[in-house]
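Overview (structure and organization)
As a plain string of letters, each chain reads:
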There are 2 protein chains.
Amino acid sequence: MTRRRATIDDVAAQAGLSIKTVSRVLNGEPNVRPQTRDRVLAAAKGLAYQPNVSARRLASKRSFVIGLLYDNPDSDYVMAIQDGALAVCRRLDYHLLIHPCRTLAPSLVDEAVSLHHRSTVDGLILTQPVADFEPLIRALIEADIAFVRISQRDSAGDSPCVSVDDERAARLMTDHLILLGHTNIGFIIGHPDHGSSHDRLLGFRASLQAHGLSPDRAPVEQGLYTFDSGFACAQRLLARDPRPTAIFASDDHMAMGVLTAAYEKKLAVPAELSVCGFDDTPMARYACPPLTTARQPIRQVARVATECLVNRLQGKDPGERRYVLESKLILRESTSRCGTRR
Amino acid sequence: MTRRRATIDDVAAQAGLSIKTVSRVLNGEPNVRPQTRDRVLAAAKGLAYQPNVSARRLASKRSFVIGLLYDNPDSDYVMAIQDGALAVCRRLDYHLLIHPCRTLAPSLVDEAVSLHHRSTVDGLILTQPVADFEPLIRALIEADIAFVRISQRDSAGDSPCVSVDDERAARLMTDHLILLGHTNIGFIIGHPDHGSSHDRLLGFRASLQAHGLSPDRAPVEQGLYTFDSGFACAQRLLARDPRPTAIFASDDHMAMGVLTAAYEKKLAVPAELSVCGFDDTPMARYACPPLTTARQPIRQVARVATECLVNRLQGKDPGERRYVLESKLILRESTSRCGTRR
DNA sequence: TCGTTGAGTAACAGCGCTGTCAGCCGGACG
DNA sequence: CGTCCGGCTGACAGCGCTGTTACTCAACGA
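Residues numbered from 1 in each chain as written. Chains lettered and ligands numbered in written order. Predicted model: local features only at pLDDT ≥ 70, side-chain atom pairs only at ≥ 80, totals over all residues. Heavy atoms only, no water.

Turning next to the domain arrangement of chain A. A common way to report how large an interface is uses the accessible area buried once the components associate. Residue and element names in this part refer to chain A. The domain boundaries assigned to chain A delineate domain 1 (8-60), domain 2 (65-164 + 298-326) and domain 3 (166-296). Centre-to-centre separation of domain 2 and domain 3, based on C-alpha positions: 30 Å. Taken residue by residue, the interface counts 12 residues in domain 2 and 12 residues in domain 3. Approximately 1,200 Å² of surface area, both sides summed, lies buried where domain 2 meets domain 3, with 47% of it carried by carbon and sulfur atoms. Residues Glu326 and Arg168 are paired through a salt bridge, measuring 3.3 Å at the closest nitrogen-oxygen approach. When grouped by side-chain class, the residues that make up the side of domain 2 that touches domain 3 number four nonpolar, three polar and five charged. (Domains from an automatic or database assignment. Contact = heavy atoms within 4.5 Å. Buried area = accessible area lost by both parts, 1.4 Å probe. Salt bridge = Lys/Arg side-chain N within 4 Å of Asp/Glu carboxyl O. Nonpolar A, V, L, I, M, F, W, Y, C, P; charged D, E, K, R; others polar.)

Dropping the structure here:
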């Protein structure tokens, strides 16, 4: 029952052609007569032929695998990235190798280079904060390993990168709060290792400035993109005098922490405190009250990055080096006009 | 700068030995003198030699890759599974290929078999509900493809499987509610395709029975392991007369839905309604109030499954075919004594 | 003394593909 | 009519490793 699996030789024999011609057909190479092509395809189908990827990899010196490096505690983010990358991989007949890691470990550099040198992967996609880890970037460039960064921060050797316009989205979010009449808006910065934290702060400050409010006097706390850090920062912000009437947390996890801090302080949201987050994680919709936030096209970011990487691997170098996608404000019930009691 | 990468021939030449001996050392095969071994290792190190995985795969007819099949909307669950599987893979020098999919598609069977026939993967780990997808199981057995299921449901050919004792945990959770004085406990069943749903219901009923309460008269609704389904089921449960004083949702997502339904009905949790979930997803801790739930050792389940699979791939067949791990009750603030107003 | 043994090593033939290059053939062109 | 060219195909040499087989040599017992 368990017959030997058909090889390219079997297909060639069956079709009465050379294995090279079979190879050409299967790889979509030019210069094959349609009639020949059909014969090959028929034979392949008849034998239920499945090319052996290992042999292909060895002979072609390419692995058709791309590696995805990340170090992110947010499952939803990681899943979305994986999802987007996988969608493109399937379409282009590549495989995806996930490689979660710890940014800080210098061994990461060796790991990444090794992945390539063992010809396990052809190229890498780096997400934040790995994408901003300079030693790695330099090593990859030096070793001539193809990669695409998902990050808004510039980096050595203007490597291609894909990002979301965090600054603009943060500016729009702040505009939204200001339009609701808030003038004393607390801000919680994200993790210092992430470029996004910086950009979101910039957007916040830009909006204040544009509306004649002093960015330097705005109450700001440093968080870590975690629920607990959001909770702690909110406690500090809410202890200030005058108390902010709105808090803009740089991500939804911290915003959830803010919500809990408000709950414990018996502050009604949004009546007494408007709260907004960032990222539109699934739970944002289910928070009490549902969170106003900014939705990032994460899947698309991953798709663009993957496409870009594969293009580079195939030698098609599109002029483009930076792709910037835009987020969208999602207005829910956690923000309302300043001083409104519902 | 970009010199040709060292191959096994270079190492052999450098060490003054045959490539076969180098291969033996690098693969930990026996019958090599310690002194010879050292010479090989020194040469390999000196040349920064990295074995080419593609060549190894082709020659050994093994890919050293295991595939992970899942179809699960819960990012936290998937991440935990990936995490556990990766930990073992790294230790045993395997790679992990993730393969999210749609259970219902019959093409999944072809995909899975194809993954193996192209020698992309040596074996597969199946999580629920894929693990309970009979056509796939049968196809894998027929094609003689190694796999391990993560599921509590029995399946054709008593294939190895790893699971969590859901029934016991659900029983303990129900015991907990009954001990708090609840006698009218609503239950929300999970997704019908998941074996866990069934087991949790069994545990619930067993506990009622054991305490002299009639399982058949308990208010039960069919959910889908989603927030929205939990919300809808809760609305129906809370509309019943007499109204349940506690609701046991088969997972945390649905429990969150219950919380929201209670919030909209202005029912205080836990004073007027105790709520408990299952799974201890990260958000359970951050719910308002924090959810009483059952924590599953998901990472460990994945670790055990991966180890089991690799063992089978390496021919070491441990007698064990079923591994059952235990969950742990996590008591938080969403459950309290029946009728207590705090 | 000589065969026997087994640990240690090497030679060599693939694994199943792709890349290179050479060959064939028919049509365009001078 | 010969030459050239481009489309199409095949022969063949690897890609870098592992499995198999065979060989060498010291230790050992009859």
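More follows now that the structure is in view.
All names here are of chain B. In spatial order, the strands read S7-S6-S8-S9; together these four strands make up an open sheet with parallel pairing. Lying at the two open borders of the sheet, with one neighbouring strand each, are strand S7 (220-222) and strand S9 (274-276). Adjacent strand axes in the sheet meet at a mean angle of 15 degrees, parallel and antiparallel pairs treated alike. Two strands pair when backbone bridges link them, and strand S8 (residues 246-249) and S9 are joined in this way by three bridges, in the parallel orientation. If you follow Ile247 over to S9, its bridge partner there is Val275. Packing of helix H9 (residues 195-210) onto the sheet brings it into contact with strand S6 (185-189), S7 and S8, and relative to S6 it is tilted by some 165 degrees. (Pairing = 2+ DSSP bridges. Helix = DSSP H or I, 4+ residues; strand = E, 2+ residues; numbered from the N terminus. Axes fitted to C-alpha atoms, helices over the stretch in contact; angles between N-to-C directions.)

Moving on, we come to the protein's contact with DNA strand C. Around DNA strand C, the surrounding shell holds 26 residues, and the nearest of these are Ile8(A), Ser23(A), Tyr49(A), Thr21(B) and Thr36(B). In DNA strand C, the atoms that sit within 4 Å of the protein are 65% sugar and phosphate, with bases accounting for the remainder. At 2.6 Å, a side-chain N or O of Tyr49(A) approaches a phosphate oxygen of DNA strand C. Here a phosphate oxygen of DNA strand C sits 3.3 Å away from a polar atom, N or O, in the main chain of Asn52(A). Looking at the surface near DNA strand C, the elements with two or more residues in it are helix H2 (19-26) and helix H4 (53-60) of chain A together with helix H2 (19-26) and helix H4 (53-60) of chain B. In terms of residues, the surface near DNA strand C owes the most to one element, H4(A), which gives four residues. Of the residues belonging to the surface near DNA strand C, the class tally is 10 nonpolar, 10 polar and six charged. (Near = heavy atom within 4 Å. Polar contact = N/O pair within 3.5 Å; in protein donor to acceptor, adjacent residues only side chain to side chain.)

Turning next to helix H8 (residues 166-179) of chain B. Residues and elements named next belong to chain B. Compared with the 20 Å implied by 1.5 Å per residue over 14 residues, the 20 Å span of H8 between its first and last C-alpha is a close match. Inspection of H8 places Asp166, Ala169, Ala170, Met173, Thr174, Asp175, His176, Leu177 and Ile178 among the buried residues, and these make up the whole buried set. Phi turns positive one or two residues past the end of H8, at Gly181, with a value near 100 degrees. (Expected span 1.5 Å × (residues − 1). Buried < 20%, exposed > 50% of the residue type's maximum accessible area, 1.4 Å probe, protein only.)

Attention now moves to the sheet that holds strand S9 (residues 274-276) of chain A. All names here are of chain A. In spatial order, the strands read S7-S6-S8-S9; together these four strands make up an open sheet with parallel pairing. At either end of the open sheet lies a strand with only one pairing partner, and these are strand S7 (220-222) and S9. Neighbour-to-neighbour, the strand axes of this sheet turn through a mean angle of 15 degrees, independent of strand direction. Contacting strand S6 (185-189), strand S8 (246-249) and S9, helix H8 (residues 166-179) runs over the sheet at an angle of about 170 degrees to S8.

Taken together, the contact pairs 39 residues of chain A with 39 residues of chain B. Applying the counting rule to chain A against chain B returns two salt bridges. The salt bridge partner of Asp228(A) is Arg285(B), with a shortest N-O separation of 2.8 Å. Broken down by secondary-structure element, the contributors of at least two residues to the side of chain A that touches chain B are H4, helix H5 (75-92), strand S2 (95-100), helix H6 (107-117), helix H10 (227-238), helix H11 (252-264) and helix H12 (282-286) of chain A. For the side of chain A that touches chain B, the leading source of residues is H5(A), giving seven residues.

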